[in-house]
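Coordinates in review
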Amino acid sequence: MKFRPSPETFRVEEIPLFEPAGHGSHAYLLVRRALMGTPHLLGLLRRGLRVPEEEIGCAGMKDRDAVAVQTFSVPAHLASRAEALLAEAGAEVLEVRLHPHKLRTGKLRGNRFEVKILLEGSEEAPRLAEAAARVEREGFANAFGPQRFADRSGLEEGRRLFLGLCPQGPFRRARFLVSVYQALLFNEWLELRRERGFWPGPVAGDVMKRHDSGGEFVAETVDGEILSRVQRLEVSPAGPLFGRKMTRAASEAAALEEEVLRRHGLSPGSLAQVRVPGARRPLRLPVGSLRVSVEGDHARLAFTLPPGAYASVLLAELGVRLLPP
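First things first, this report covers the structure right here in the doc.

What counts as what
- Residues numbered from 1 in each chain as written.
- Predicted model: local features only at pLDDT ≥ 70, side-chain atom pairs only at ≥ 80, totals over all residues.
- Heavy atoms only, no water.
- 1 Å grid on protein atoms, 1.4 Å probe; cavity = no way out; pocket = protein on both sides within 12 Å on 5 of 7 lines; lining within 4 Å.
- Points joined across faces, edges and corners; volume = space filled by probe spheres on them.
- Helix = DSSP H or I, 4+ residues; strand = E, 2+ residues; numbered from the N terminus.
- Nonpolar A, V, L, I, M, F, W, Y, C, P; charged D, E, K, R; others polar.
- Core = buried A, V, L, I, M, F, W, Y, C linked by side-chain atoms within 4.5 Å.
- Buried < 20%, exposed > 50% of the residue type's maximum accessible area, 1.4 Å probe, protein only.
- Contact = heavy atoms within 4.5 Å.
- Pairing = 2+ DSSP bridges.
- Axes fitted to C-alpha atoms, helices over the stretch in contact; angles between N-to-C directions.
- Expected span 1.5 Å × (residues − 1).
- Arc of directions from axis to C-beta.

1. Things to note about the layout of surface pockets
In this structure, the second largest pocket encloses a volume near 300 Å³. In this structure, the second largest pocket is lined by 18 residues; those nearest its centre are Pro16, Phe18, Pro20, Leu30 and Thr71. Looking at the lining of the second largest pocket, the elements that each hand over two or more residues are strand S2 (10-16), strand S3 (26-34) and strand S6 (92-99). Looking at the lining of the second largest pocket, the element that brings in the most residues is S2, giving four residues. Per-class residue counts for the lining of the second largest pocket are eleven nonpolar, one polar and six charged.

Written out as structure tokens, the structure is:
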């Protein structure tokens, strides 16, 4: 099974967390575009509107090689100019609505995907159906996808920014580079868990995250109740997006996280000086509304994912080989 991302094979649409109020000092522009990544459009708006990058909002990054529908926010008095800039670039503005506040990163309910993949043999359709059923039961690894690390040259700068060892520079770039370094450490933690057989876990001292509410608690011991909830995909261990204020693991789970830090010359004490508060990211995720339909030598997948999850990682777990655009 193969997937090559393009506007013909890949569609992603944001599921908003809230509806704009219809009044306020910020304009929310719902935009549909193809072959234009989110960073490109953010730069276009920043330069064309001549405002600081902090004045422009979006909930998350969307792939370039896709038809993508997402919302950008700009100061309300610049809405008409923003609409014209986007239209000139070939993007379609579907609607403009007002809201009192700028749209901030992560403020969406999730993303809805439609993917078309190539089946290369008669045995692949049942194999895909079997893999989809397994993922629906057990969830899939919540790793950061390869597109997160497209520019590996920024990892060292991200590490130095993470530790506060160099000036911050442009706001959005600095925040992104730090997040890339955090993502690298998280993926290493995830692979370490798999290597040690702690999948999907838990181990004593894990920070557990509830999939319905996002609430966290520390599993001081592993008992039958915790194991049952993990099996039912109600809760999962939550790995570190390392920072100074994140919920701390204990005992065996803390030792695993310290092992990842040591690989990078860090320790738990190092986290006191970092610039970011940190957070917890679940080790795996459930998939919403996963549907598979076969059409000749192609299959169409439709599914929803929560914010921050990668369709490319899900496809890899389904046995789909990802090809470059």
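Past the structure itself, the notes keep going.
2. Quick look at the nonpolar core
The biggest cluster of nonpolar side chains holds 67 residues, and the ones touching the most others in it are Ile117, Phe162, Phe303, Leu305 and Leu318. Sorting elements by how many residues they give to this core places helix H5 (residues 171-196) first, with twelve residues. Once residues within four sequence positions are removed from consideration, Ile117 is found in contact with Met1, Lys2, Phe3, Leu128, Asp297, His298, Ala299 and Val320. Within the second largest apolar cluster, 21 residues are counted, among which are Met36, Leu41, Ala82 and Leu85.

3. With respect to the sheet that holds strand S9 (residues 206-210)
Sheet architecture is open: four strands sit in the order S10-S9-S11-S12, paired in antiparallel fashion. Only two strands of the sheet have a single partner each, and these edge strands are strand S10 (216-219) and strand S12 (279-282). The average angle at which neighbouring strand axes cross in this sheet is 50 degrees, direction not considered. In this sheet, S10 lies alongside S9 in antiparallel orientation, the contact comprising four bridges. Bridging from a neighbouring strand, Val207 pairs with Val218 of S10. This element, H5, spans S9, strand S11 (235-241) and S12 of the sheet and lies at about 135 degrees to S11.

4. Here we look at the pairing of S10
Residue alternation in S10 divides its side chains into a buried set, Phe217 and Ala219, and an unburied set, Glu216 and Val218. Where S9 folds back onto S10 in an antiparallel hairpin, the turn is made up of five residues, including Gly214, whose phi is positive at roughly 80 degrees.

5. Observations concerning helix H3 (residues 124-138)
Across its 15 residues, H3 extends 21 Å between first and last C-alpha, which sits within 8% of the 21 Å expected from 1.5 Å per residue. All buried positions along H3 are accounted for by Glu124, Leu128, Ala131, Ala132 and Val135. Looking down the long axis of H3, one finds its buried residues gathered within 105 degrees of arc, a one-sided arrangement. Summarising the geometry of H3, the exposed residues directed more than 90 degrees from the buried face are Pro126, Glu130 and Arg137. Looking at the packing, one finds that the buried side of H3 touches strand S7 (108-118), strand S8 (140-141), strand S14 (288-295), strand S15 (298-305) and helix H8 (311-317). Positive phi appears at Gly139, one or two residues downstream of H3, with a value of about 80 degrees.

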